[in-house]
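Notes for the structure review
Residues per chain, in single letters:
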Amino acid sequence: MNHPFSADALAAAEALVGQMTLAEKAEFCSGQDFWHLADLPRLGVDKIMVTDGPHGLRKQAQKADHLGAHRSVAATCFPTASALASSWDTALIERVGEALGQTCVDEDVSVLLGPGLNIKRNPLCGRNFEYFSEDPFLNGHIAASLVRGIQSQGVGACLKHFAVNNQERGRMYMDAIVDDRTLREIYLKGFEIAVKTSRPWTVMCAYNRLNGVYCSEHDWLLNQVLREEWGFDGAVMTDWGATNDRVLGVRAGLDLEMPNSGGITDDLVAAAVQAGELDEAVLDRVVARNVALSLSAKDRQTPSITADPDVQHELARDTAAQCCVLLKNDDELLPLSTQQSIALIGAFAEKPRFQGAGSSQVRPIQIDTLAAALAEYTELMTYAAGYDPVYSEPDQALIDEAVSAAAAAEVAVVFAGLPGIYESEGFDREHMQLPPQHDALIQAVAAANPRTVVVLANGAPVEMPWVDQVSAVLEAYLGGQAAGGGIAVSYTHLTLPTKA
């Protein structure tokens, strides 16, 4: 079997476990703190760091939290998963993974918690921006490419959230009832492809229950399917706070609880062994995989190429360009020309929304705006905000200003989409509509200038009641820190010849 860890790590880990006390073994069942695994200096086991970042490293330098409220170190923010999948370019995505891995090495991070490849079963899921697609085959191969890229740098990847985690509402307790064929063909297939073709170091179990059993203690899911059928021999960890019954989890093949419980669940595990309720050999297997993870990170995490922020930004821009999807282009309005006067409308053009909110939120190194990127190509451009970028409350004065600009230009480009308060980890959307201000703005601008292009910034599908009124629609998704430049230079979309 092609073990995900280094060749000798598991054997060395098993030898070390044989030298541990029961209390020490129990301590290795959970993290040392919010982001680190346990260490054991007397046996030479160092603590390692794991952290968020499916589309960019989110390493919190000071106080830790799960949903991103506290400041993290600056890192390149690449397009989110829904955008990456729209490129259909596995080679490109592997390059993104390599860049993520390089940043992890520089920041001494041993495991990057991603990618997420849950099926988009619910179009209103608030976290859909962080998942790839509705297609299991595409999910699996896109995820595998990202894993291979990350792990090529000696850093572990983590497939999440296993399994059937398709909504945010009630995610801590909801029960996904799925028949076996649907489960295997739709919800598990992407994980199977990624596990078998990329050998990730770790897999993260989901919060929810599956057919009545919490994923963190699901013997059929973790032991029978993931390990026995698919051959996975890496470490299984919880999502943060996803443990239900820690002793049952050990029996079911759950290796690592994150974050730590202040020793509470470790004591429960030790007590279960002492009472004869848990076979110590089962505990040994769990602990050995966690120790092997730490040893593999120590052995393999050697910097080869230091992350260059300028090179990564260029990659982020190229990737954003490849992720754009041209949905409509009547009369070949696009690409635009430097000879056309353009009214650029929409506050996202100057204050962009380029990533989702929650545990994947990255503090970008720099940001390209669409307004600045288009200004590099043409001098015949005016700008109107059209809406407030944060709340987008109804504001007729902003619409009137935009209509005046559109009427005076040959082409109007409206950059609209979903503000951050509309989609995030932690809650689901109530509907698929844009803010009423955005819809009203597009309709008013299109009435004033039929040569209107709509560019969308959103992590998940939206309704387009105005689609028949505009000439072109470009879906740009959440394109990362270089989204503005990527949209402007996108090869078949807004491309403008360089001005003389």
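Above this note sits the structure.
First, a word on what this report is: a plain description of the structure on this page. (Residues numbered from 1 in each chain as written. Predicted model: local features only at pLDDT ≥ 70, side-chain atom pairs only at ≥ 80, totals over all residues. Heavy atoms only, no water.)

1. Describing the overall build of the chain
We apply this condition: Numbered from the N terminus, helices here are DSSP runs of H or I no shorter than four residues, and strands are runs of E no shorter than two. What the globule rule says is 2.2 Å times the number of residues to the power 0.38, and the radius of gyration is computed from C-alpha atoms. Classification of residues uses two cut-offs on accessible area relative to the type maximum, computed with a 1.4 Å probe and protein chains only: under 20% is buried, over 50% is exposed, and between them is partly exposed. Between two residues, a contact is recorded if the distance between any of their heavy atoms is within 4.5 Å. Residue-level accessible areas treat just the shown protein chains as cover; the underlying method is Shrake-Rupley with a 1.4 Å probe. Note on charges: Lys and Arg go in the positive column, Asp and Glu in the negative column, and His and the chain ends are not counted at all. A charge is said to be at NZ when it belongs to Lys, at CZ for Arg, at CG for Asp and at CD for Glu.
The number of helices and strands found in the chain is 16 helices and 16 strands. Taken over the C-alpha trace, the chain has a radius of gyration of 24 Å; the compact-globule value for 500 residues is 23 Å, and the two agree within 12%. Buried positions account for 62% of the 500 residues belonging to the chain. A fraction of 77% describes how many contacts in the chain between residues 6 or more apart in sequence connect residues 24 or more apart. As presented, the chain carries roughly 18,300 Å² of accessible surface, and 51% of it is formed by carbon and sulfur atoms. Charge centroids of the chain, computed over 36 positive and 65 negative side chains, lie 3 Å from each other.

2. Some details on helix α4 (residues 90–106)
This is how it is decided: Multiplying 1.5 Å by the helix residue count minus one yields the expected span of that helix.
Over its 17 residues, α4 extends 25 Å from the first C-alpha to the last, a length consistent with the 24 Å expected when each residue adds 1.5 Å. Listed in full, the buried residues belonging to α4 are L92, I93, V96, G97, A99, L100, G101, Q102, T103, C104 and V105. Elements in contact with the buried residues of α4: β2 (74–75), α3 (81–87), β3 (111–113), α5 (136–151) and α12 (309–323). Count one or two residues on from α4 and you reach D108, which has phi positive near 60°.

3. Considerations on the sheet that holds strand β6 (residues 202–205)
Stated precisely, the cut-off is as follows: Two strands qualify as a pair provided that DSSP identifies no fewer than 2 bridges between them. Axis lines are fitted to C-alpha atoms, over the contacting stretch for helices. Their N-to-C directions set the angle, which ranges from 0 to 180 degrees.
Here five strands make up an open sheet; going across it, the order is β1-β3-β4-β6-β9 and the pairing parallel. Since the sheet does not close on itself, it has two edges, and those belong to β1 (50–52) and β9 (235–238), each with one partner. Averaged over all neighbouring strand pairs, the angle between strand axes comes to 30°, with direction disregarded. Sheet contacts for α5: β3 and β4 (156–162); angle to β4, the most-contacted strand, approximately 150°.

4. Overview of helix α10 (residues 264–274)
Quick note on the threshold: When we speak of the arc, we mean the arc of directions from the helix axis to the C-beta atoms.
T265, D266, V269, A270, A272 and V273 are the residues of α10 that are buried. In a view along the axis of α10, the buried residues occupy a sector of 160°, so they form one face of it. Looking at α10, the residues exposed on the side facing more than 90 degrees away from the buried face are I264, D267 and Q274. Phi turns positive one or two residues past the end of α10, at G276, with a value near 75°.

5. Overview of the packing of aromatic side chains
Rules: Within 6.5 Å between ring centres, the rings of Phe, Tyr and Trp (the latter by its six-membered ring) count as paired, and their orientation is classed by plane angle as stacked under 30 degrees, edge-to-face over 60, tilted in between.
This structure, assessed with the given rule, holds six aromatic pairs. Ring geometry for F34 and W35: centres 4.9 Å apart, planes at 80°, overall edge-to-face. Taking the relative accessible area as the measure of exposure, F34 reaches 24% and is therefore partly exposed. Pairwise contacts between aromatic rings join F34, W35 and W240 into one cluster.

6. Details of the sheet that holds strand β11 (residues 342–345)
Read across the open sheet, the six strands follow the order β10-β16-β15-β14-β11-β13; overall the sheet is mixed. Only two strands of the sheet have a single partner each, and these edge strands are β10 (325–329) and β13 (381–384). The sheet shows a mean angle of 15° between the axes of neighbouring strands, direction not considered. Direction of pairing for strand β14 (residues 411–417) relative to strand β15 (residues 452–457): parallel, over a ladder of six bridges.

7. Comments concerning empty space enclosed by the protein
Let me state the cut-off plainly: A pocket here means an open set of points on a 1 Å grid, computed over the protein atoms alone, that has protein on both sides within 12 Å along at least five of seven lines. A cavity is instead a set of points where a 1.4 Å probe fits but cannot get out; residues with an atom within 4 Å of a point line either one. Grid points are joined across faces, edges and corners, and a volume is the space filled by probe spheres set on the points. Following the grouping adopted for this structure description, the nonpolar residues are Ala, Val, Leu, Ile, Met, Phe, Trp, Tyr, Cys and Pro, the charged ones are Asp, Glu, Lys and Arg, and the polar ones are all others, Gly among them.
Scanning the model with the defined rule gives three cavities of 30 Å³ or more in all. Taken as a whole, the largest cavity encloses approximately 90 Å³ of empty space. Around the largest cavity, the lining comprises 16 residues; the ones closest to its centre are R353, F415, A483, G484 and I487. For the lining of the largest cavity, the leading source of residues is helix α16 (residues 483–489), giving three residues. Split into classes, the residues belonging to the lining of the largest cavity amount to 11 nonpolar, three polar and two charged. Space inside the second largest cavity adds up to approximately 70 Å³. For the lining of the second largest cavity, the per-class residue count stands at seven nonpolar, three polar and one charged.

8. A few points about the nonpolar core
To keep things clear, this is the line we draw: To qualify as a nonpolar core, a set must consist of buried Ala, Val, Leu, Ile, Met, Phe, Trp, Tyr and Cys residues joined through side-chain atoms within 4.5 Å.
Of all hydrophobic cores here, the largest spans 111 residues; its most connected members are L113, L159, F162, W240 and V291. Broken down by element, the residue count for this core peaks at 10 residues, all from helix α11 (residues 280–300). Apart from the residues lying within four places of it in its own chain, the contact partners of L113 are W35, V50, T51, D52, G53, P54, C158, K160, M204, M237 and W240. Core analysis: the next-biggest nonpolar cluster, separate from the first, contains 52 residues, A321, L336, L434 and A472 among them.

9. Digging into the pairing of β14
Across the seven residues of β14, seven count as buried, placing the element largely inside the fold. Across the two faces of β14 the burial is the same, with V411, V413, F415 and G417 and A412, V414 and A416 all buried. With four bridges joining them, β11 and β14 adopt parallel strand pairing. Its bridge partner being in β14, A343 is matched across the sheet by A412.

10. Description of the side chain of S30
Note the threshold: Pairing of N or O atoms within 3.5 Å defines a polar contact, subject to two protein rules: one partner must be a possible hydrogen donor and the other a possible acceptor, and residues neighboring in sequence count only if both atoms are side-chain atoms.
Mapping S30 onto the fold places it in the loop between α2 (22–27) and β1. Within the local environment of S30, its side chain forms a polar contact with the side chain of D266, the two groups lying 2.9 Å apart. For S30, the residues in contact, after removing those within four places along its chain, are A38, L256, E257, N260 and D266.

11. So, the pattern of salt bridges
Spelled out, the test is: In the sections that follow, a salt bridge refers to a side-chain nitrogen of Lys or Arg positioned within 4 Å of a carboxyl oxygen of Asp or Glu.
Evaluation of the coordinates by the stated rule reveals 24 salt bridges. E94 is paired through a salt bridge with R148; the nearest N and O atoms lie 3.8 Å apart. Of this pair, E94 sits in helix α4 while R148 sits in helix α5, placing them 54 residues apart in sequence. Take E94: its relative accessible area is 26%, and that puts it in the partly exposed class. For R148, a relative accessible area of 31% gives the class partly exposed. Linking E130 and R127 is a salt bridge whose minimum nitrogen-to-oxygen distance equals 2.9 Å. R127 matches E130 in its accessibility class, with the two residues each being buried. Connected via shared salt-bridge partners are R127, E130, K160, E168, R171 and E425.

12. Quick look at the packing of helix α6 (residues 180–187) against helix α8 (residues 219–229)
Basically, it comes down to this: These descriptions rest on fixed angle ranges, namely under 35 degrees for roughly parallel, over 145 for roughly antiparallel, 65 to 115 for roughly perpendicular, and the rest for oblique. We call a crossing left-handed when the near helix sits turned anticlockwise from the far one by less than a right angle, and right-handed when that turn is clockwise.
Between α6 and α8, the least distance of the axes is 15 Å, while the angle of their chain directions is 55°. As the angle between them shows, α6 and α8 are arranged oblique. Relative to α8, the crossing made by α6 is right-handed. The segment α6 lies against α8, with D180, L183 and R184 engaging W220, V225 and E229. Class assignment of the residues belonging to the contact of α6 with α8 gives a composition of three nonpolar, no polar and three charged.

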